[in-house]
Amino acid sequence: MDGLRKMWESRSLRDRMVIAALVAIVAVVLYAWLIDSTHRARLKLGTTVTRLRAEAIRLERNADEIARLRAAPSAAQPSGAQAELRVLMQAQVDAAGLGRSLLRIEPIDTTQVRLVFAAVPFADWLAWVENARLQQVRLDAARIETLATPGMVNVTATFVRPKP
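First, a word on scope: everything that follows refers to the structure included in this document. (Residues numbered from 1 in each chain as written. Predicted model: local features only at pLDDT ≥ 70, side-chain atom pairs only at ≥ 80, totals over all residues. Heavy atoms only, no water.)

1. A closer look at the side chain of Thr111
The following threshold applies: Runs of E in the DSSP output that reach at least two residues are strands. Runs of H or I that reach at least four are helices, and both are numbered from the N terminus. Contact criterion: two residues are considered in contact whenever any of their non-hydrogen atoms come within 4.5 Å of each other.
For Thr111, the position within the fold is in the loop between strand 1 (102-107) and strand 2 (112-121). If we ignore the near neighbours within four places in the chain, the residues touching Thr111 are Leu85, Phe159, Val160, Arg161 and Lys163.

As structure tokens, then:
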């Protein structure tokens, strides 16, 4: 420290003023650079925080909706709670007008049934599958074979109804 003091005092007043001015200019430039970079980082973080807050609100709404749906009672089956899946599927096939294409219905157990269709219009079958899904019966597996007639298929499908 004494060496710096001696060197400083050995300089002329003019040299000391030039050195002090240069140090002040460097300090001001560094301070301005620091302020600018913090301002840019703050703006960037501000937009990130806003986006994350919106995402958190959306996730909270989704969680509330999930909790509400889990707490809601399951939809009643159209033919009553005691109806067998086979009877329900036969009724849906008849209602959709696909009865003439249905070859057989094979109950697998109380929650599964296999249906075999021959020469059924594919678009009608897809609409029927969607209707079954709306009735809480989901398509579990399907084997679809195209026929020579455009739009016609043979289908073997397994449907599942969740246990209540």
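What follows continues from the structure just given.
2. Brief notes about helix 4 (residues 122-134)
Here is the rule we go by: Each residue after the first adds 1.5 Å to the expected span of a helix. Throughout, exposure labels follow a simple rule: accessible area from a 1.4 Å probe, protein chains only, divided by the maximum for the residue type, with under 20% read as buried, over 50% as exposed, and the rest as partly exposed. For this quantity, the arc is that covered by the directions from the helix axis to the C-beta atoms.
For helix 4, with 13 residues, the first-to-last C-alpha span of 19 Å sits near the 18 Å given by 1.5 Å per residue. Within the span of helix 4, buried status applies to Trp125, Trp128, Val129 and Ala132. One side of helix 4 holds all its buried residues, which, seen down the axis, span an arc of 105°. Exposed and oriented more than 90 degrees from the buried face of helix 4 are Ala123 and Leu134. Contacts made by the buried residues of helix 4 are with helix 3 (85-96), strand 2, strand 3 (138-146) and strand 4 (152-160). Remark: Gln136 follows helix 4 within two positions and exhibits a positive phi of approximately 70°.

3. Concerning the nonpolar core
We count it as follows: Definition of nonpolar core: a set of buried residues of the types Ala, Val, Leu, Ile, Met, Phe, Trp, Tyr and Cys, connected through side-chain atoms within 4.5 Å.
Ranked by size, the top nonpolar core spans 20 residues in total, and within it Met89, Leu115, Phe117, Trp125, Trp128 and Phe159 carry the most contacts. For this core, the secondary structure elements donating two or more residues are helix 3, strand 1, strand 2, helix 4 and strand 4. In contact with Phe159, not counting residues within four places along its chain, are Leu85, Met89, Thr111, Gln112, Val113, Leu115, Trp128, Val129, Val137, Arg138, Leu139 and Asp140.

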